[in-house]
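Commentary on secondary and tertiary structure
Spelled out from the first residue to the last, the chains are:
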Amino acid sequence: MSLNHLFSPIHSRKLGVTRRQRDRRDLKEDENPEAKARRHKEMELNPLYKELLYTIVHKMGKPASAEVFTDSQLHQYIREAFTMTEAEHDSLMEKVQNTEPPVYCLMVTVKEAKEILGKDVSGEFFVALYNEEEKKSKVKTKPSKYVVKGTVSHERIYQTDIKKQTLNPIWNQTFVLDFEDMTRASFHLEMWDKDEEVSLSQKLEDIKTNFNSLRRMIKEAKKEKGTDDFLGNIVLKLQDLHCTEDNWYNLEPRTETYPNRGQCHLFLKFIHKARDGTLSAGRSAYTNYCGILQQFVEAYISKQQSSAPWKGALCGEAQTLLELYATQNDLSPFLQDLAKWVAYSKLYQTLEVDSSVLLQQLTSIEYHWHQQELPYQQKQELGDSLHGFLQYGLCLVSKYRDIFPPTPSATPKLHTLLRILVQICKTQAFQKQNPAHFELHEEVHDAIQKGTEVWFDMKRGLHQPMTKELTEIGSALSRLIAEVLEDIKHNKDIWNRVFVSAVQVDVFTVVYQKFDSLIAKEVKETLSKMEGQMELNLAKSLFPVYLSLQAIHKEKAFLQKRGLLELTNFHEGFRDALPYWLNQAFSTTQDRVVRAVQVDQLQPLQTGAVPIKHSSSAVDLVACIQPICQLWEQLSWPDPEEAFMLMVKLTEDVCKIVVNYCHLLKERVRVLSENSDHSSAINMLCVVVNDLEHLRSVLTRLPTQLNWEGLRVRTQSVIGQSQFENTLHSQLQQAKSILCKEIRSALDTLGKQLNTDIETLVRSMSTRRRIPSKSTEDAVAPLMLYLEQELHYMNENLVQENFNSLLTPLWQNSVKILYQVGNQHSQQEGFMVFCQRLLYTLQCLEQCFHAEGNGLPEKTLHSDEYKTLKAHLTHHSLTSHQLIEKFFKRKIAEQREFHGEKYGAVTLITSYRRSDQRLHIEVLNAVSLLPMDSNGLSDPFVRLCLEPYHIFPETEPRCTQYKSCDLNPLFDESFDFLVSLEQCQTPGACLLITVLDHDTLRPDDFEGEAFLALEDVPGVSGQTEEELCSQVDAASKQIRLPLMHPKPNEDGILKLLESRKGDREAQAFVKKRRQREKQSQEPAQQ
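Per chain, residues are indexed from 1 in the order of the written sequence. Given that this is a predicted model, residues contribute local features only at a pLDDT of at least 70 and side-chain atom pairs are listed and counted only at 80 or more, while totals for whole chains, interfaces and linings are drawn from all residues. By convention in this description, side-chain values take in all heavy atoms of the structure and omit both hydrogens and water.

Concerning the sheet that holds strand 10 (residues 918-927)
Each strand in a sheet pairs with another by means of backbone hydrogen bonds, the pair being arranged parallel or else antiparallel. Only strands joined by at least two bridges in the DSSP assignment are considered to pair. Under the scheme used here, helices are H or I runs from DSSP no shorter than 4 residues and strands are E runs no shorter than 2 residues, and both carry numbers assigned from the N terminus. In spatial order, the strands read 13-10-9-16; together these four strands make up an open sheet with antiparallel pairing. Of all the strands in the sheet, the pair left with one neighbour each is strand 13 (970-978) and strand 16 (1037-1042). Across the sheet, the mean angle from the axis of one strand to that of its neighbour is 25°, orientation sign disregarded. The pairing of strand 9 (residues 905-913) with strand 16 spans six bridges and is classified as antiparallel. Bridge pairing in strand 16 places Ala-905 opposite Pro-1042. Helix axes are fitted to C-alpha atoms over the stretch in contact, other axes to C-alpha atoms as well, and angles between N-to-C directions run from 0 to 180 degrees.

Examining the side chain of Gln-263
For Gln-263, the position within the fold is in strand 8 (residues 263-273). When neighbours within four sequence positions are excluded, Gln-263 is seen to be in contact with Glu-112, Ala-113, Lys-114, Ile-116, Trp-248, Tyr-249, Asn-250 and Leu-251. Note on contacts: a residue pair qualifies if any of its non-hydrogen atoms lie within 4.5 Å across the two residues.

Details of the packing of helix 3 (residues 71-81) against helix 8 (residues 316-328)
Working note: a packed helix pair is described by the angle between its axes plus the distance between those axes. Packing of helix 3 against helix 8 leaves a shortest axis separation of 10 Å and a crossing angle of 100°. One way to sum up the angle between helix 3 and helix 8 is to call them roughly perpendicular. Residues Leu-74, Tyr-77 and Ile-78 of helix 3 pack against Glu-317, Ala-318 and Leu-321 of helix 8. Residues are sorted three ways: Asp, Glu, Lys and Arg are charged, Ala, Val, Leu, Ile, Met, Phe, Trp, Tyr, Cys and Pro are nonpolar, and all the rest, Gly among them, are polar. By residue class, the composition of the contact of helix 3 with helix 8 is five nonpolar, no polar and one charged. Any angle that is under 35 degrees is reported as roughly parallel, and any over 145 degrees as roughly antiparallel; angles of 65 to 115 degrees are reported as roughly perpendicular and all others as oblique.

As for unusual backbone geometry
Of note, the amide linkage connecting Glu-947 to Pro-948 takes the cis form, showing an omega dihedral of -5°. The residue Pro-948 is located in the loop between strand 11 (940-947) and strand 12 (958-959) in this model. Its identity is not glycine, yet Thr-83 carries a phi of approximately 50°, on the positive side. Relative to the helices and strands, Thr-83 resides in the loop between helix 3 and helix 4 (86-97). Phi is positive for Ser-928, which is not a glycine, with a value near 55°. Looking at Ser-928, the relative accessible area reads 38%, which means it is partly exposed. Burial classes: relative accessible area under 20% of the type maximum marks a residue as buried, over 50% as exposed, and values in between as partly exposed (1.4 Å probe, protein chains only).

Structural notes on the pattern of salt bridges
Only one rule defines a salt bridge in this text: a Lys or Arg side-chain nitrogen within 4 Å of an Asp or Glu carboxyl oxygen. Inspection of every chain in the model, using the stated rule, returns 38 salt bridges. Two residues, Glu-88 and Lys-41, come together in a salt bridge whose shortest N-O distance is 3.2 Å. Placement of the pair is Glu-88 in helix 4 and Lys-41 in helix 2 (residues 33-57), with a sequence separation of 47 residues. For Glu-88, a relative accessible area of 30% translates into the label partly exposed.

Overview of the packing of aromatic side chains
Centres within 6.5 Å make a pair out of two Phe, Tyr or Trp rings, where for Trp the six-membered ring is used; the pair is then stacked when the planes are under 30 degrees apart, edge-to-face when over 60, and tilted otherwise. Applying the stated criterion across every chain, the model contains 31 aromatic pairs. An angle of 75° between the planes, with centres 5.2 Å apart, marks the rings of Trp-192 and Phe-230 as edge-to-face. Residue Trp-192 is found in strand 5 (residues 185-193), and its partner Phe-230 is found in strand 6 (residues 229-237); the two are separated by 38 residues along the sequence. Relative accessible area serves as the criterion here: at 6%, Phe-230 is assigned to the buried category. Seen from their ring centres, Tyr-400 and Phe-499 are 5.3 Å apart, and the 70° between their planes marks the pair as edge-to-face. Of this pair, Tyr-400 sits in helix 12 (residues 400-403) while Phe-499 sits in helix 16 (residues 470-503), and the two are 99 residues apart along the sequence. One aromatic cluster in this structure is built from Phe-543, Tyr-546, Phe-570, Phe-574, Trp-581 and Trp-637. The criterion for a charge sitting over a ring is simple: Lys NZ or Arg CZ within 6 Å of the ring centre, and within 35 degrees of the ring normal. Above the face of the Trp-455 ring, Arg-401 is positioned so that its terminal group lies 5.2 Å from the ring centre. Cation over ring: Arg-958 sits above Phe-977, and NZ or CZ is 4.9 Å from the ring centre.

Looking at the side chain of Asp-997
Examined against the element boundaries, Asp-997 turns out to sit in strand 14 (residues 990-997). In this tally, Lys and Arg are treated as positive and Asp and Glu as negative; His is ignored, and so are the chain termini. The side chain of Asp-997 is buried and forms no salt bridge, while Arg-1002, the nearest opposite charge, is found at 5.9 Å. Asp-997 has contacts with Met-932, Asp-933, Ser-938, Asp-939, Pro-940, Phe-941, Asp-1004, Asp-1005 and Glu-1007, leaving out every residue within four places of it along the chain.

Here's the deal with the pairing of strand 10
The buried fraction of strand 10 amounts to seven of the ten residues, a majority that puts the element mostly inside the structure. Bridge count between strand 9 and strand 10: nine bridges; the pairing is antiparallel. Counterpart to Ile-909 in the pairing with strand 10 is Glu-922. From the end of strand 9 to the start of strand 10, which pair antiparallel, there are four residues, and Gln-917 there has a positive phi angle of about 50°. Here strand 10 runs beside strand 13; their pairing, made up of seven bridges, is antiparallel. In the sheet register, Glu-922 faces strand 13, and the bridge partner there is Ser-974.

Considering the packing of helix 3 against helix 7 (residues 285-303)
Where helix 3 contacts helix 7, the axes come no closer than 9 Å and their chain directions differ by 80°. Here helix 7 runs roughly perpendicular to helix 3, going by the angle between their axes. Contact with helix 3, carried on its side by Tyr-77, Ile-78, Glu-80 and Ala-81, involves Gln-295, Phe-296, Ala-299 and Lys-303 of helix 7 and no other residues of that element. In terms of residue class, the contact of helix 3 with helix 7 is built from five nonpolar, one polar and two charged.

Written out as structure tokens, the structure is:
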């Protein structure tokens, strides 16, 4: 039966014109299976079985397999392969034994020789070959020098052509030698150098040109005229040979004179002649070989337990029998490979045969096609087989979805099948036998298209609506398009790689374009039925349809060839359903939020190492809002202006849900707080604040989640920037403002009690006693313990954002309280101690609120109010001595910055000798002094005093002589002060130079004063210890100091010292400085 009748006629348009369809056998339609099997065995299997028995009985040579099988093993194998009973086997065996035996033959092909030992210069060679059977005589005969002559009849000797003038002759001549008994027969081959008569002059010429052959010439002169030279022989016992031999054989010499005689290449094969033709009813050996091969393969596959496809392997017995049968019947390798192709291609249609097996046979056929000519009948059969398999393969390609599913095990099979189809079209056999124009690429393209259409019609039939209701019709369409989407993805991700690599067909593009037209038509027909009848349930049934179409439409980005697609504006058919989808999403989300708040107990979701401080409703709300954001992504509405309006609606819905959640949460707090204690109410309030903060963070991420920036770019041609900002951002900002307001309200409630308690504890630290009753640490301890407890509680119950939001106003209020307390009762006794406590409290509060970087950042802590408070408390916490030192530091700085000689100047030479701790001062002169007397002159003198007094308590002031009536007096007087280096290096230590006008009857008038820092005196500082040790006295330094007048009522230090009524030293210092201010000519501060 021809393979063409097994194939679908789907591709008969082009393929049908190239081959003539072969007739089918008439089979009885009503024949029962048993009778059919019995007839098949009688007509098909028995003849093949007898051929195999005949092959075993008359086998010759050794098989190529390393494993040797006995006749009984081979009989047992064919019995199992052909499912013969013992009686059937014996009956057929008896028939075979009664047939005529074949003529045993050895077919010899003499191919070529190489490295032949030349006997003469001409080098003309031929080969004589024959079979010889050993006689049964026991007498050993002496081997003759010339075996051919006189021992074997001329009819049994075969001779090749003579090859002249070469030592590497090539013949490629085939001879068939008969023999009777293989065990006694041997094959003989002799190679000769043909000797021809040559003239004497020619031989003399050879001698002149080749003296090396002189010896041989003399030897030849002794020979008879016309005698050939023996070159070597090959003797092979037939029983030692394989069924086929293809080897180089060494030529053996008669003597050891020249042992290396060269080699000869022979191809040997045992064949039958006159084989009994009645065994298989006159069928050709090729036809029998095909049947035997197919039967062996089927038997092998049926015997295997694995479900894996057959990869071309056969057992040793089958290989041996096939080799024996092919050899005995002289089947060429081409015919054997052709038989394998025909058999395997038939089996491929019914059994699991690996495609690589067929590909291998195609490669072999293509090789043999160029080497050997096939008989006409086999050419026709090969053409029919290739043509038929191509049809069958294209039929499989059209059904690739079902036959080769997208699995790792199936797709390689599809790839190999496509490679086989490509190889078939490339073979010379197909092109010669099928001359009609054939394009595999187009045929595969058409097969995919038709197969896709058939698949779609089949799926549409499976998903027909059960009723005529519109919702059921929509659901059926949704199921159909979902399957189409899945198929498109499989084609893109899996099958496309296979088709492109094998046949360069972009199956994804082919399938997508076909589905585009089919689906567009189906959707259009379905939506036309629903026109004007849209309602909620119908819109719900259409939403999955829209999503699937959207997903299909997105896949177009992977098309290799892009054109106008029918699904481009598919969204237009769903405009009526869009409002229902939006309202459904909003109402569903709103209901879920209400239920989430109703069951919320306002307790943190999780405590421990990784706490979750908001409640369940906050998590549920985020989960509820997420589908609205997903709806935007799912819709991906292509029209820019409509997409903007859609975004406005979605944003508005989200904001409504958030605001409504705030109201629901406040009501839930009120309900749960009615029967709760104060701590539980505070805890619930903390959870509410956390929920609102969590929701605010969700709203902050909303523009990113909804990709507002991408929408702005899309709509910039139709929607202005200001309209975009005013519409969307204003909606979001309004909702966030409501959340922030509610958060601040809750935080204010939490912080109100804390602020009251902090103020009470701070005020409790004040005391009117000069000597405090307890230490500063003990006084601050109650406040810090309270804050530690409260802040720890808030930190555990508030998320970090809210905790920081609570800390910031709490810190600001604490600073405010400290400032208020620090400015009260500043004139009371013990205010310095109180300020010291407040300063220490401020430092502790700063550490507490900073919490080693886990609390408020330093930038927030160090506000302007904080800096002002710290400076105020630091200033008021100083002792009187520290204030006086600070006063003189300020005066020294003022002196350094003072320029001009408005009140005159004084010139000094200063130095300090460390050797005897002596401060040396030389007052040289004063210039440009103010006239203090009525005569317009003055009687000036200079007074030197080391300040502050508490550093130099034992040092007396020194004065120069006064100079009468002189505004530029020259003093030139020296003074020494015995003071230690440590005293001179004390911060604020200075030399106060006061210039006075001497009056006899009234107090001296004030001319001006100057302040010289002792650290500026040579020898006090500015030199290393080594430099100071290397020289006893430092060099003196002359300095000119302008005189200054103090500004009345400007210095805050004096005011603070003045407030310390109980400190006599402070009061004396202030009195002295106030007197100077009275004498000053500087205007008073307003």
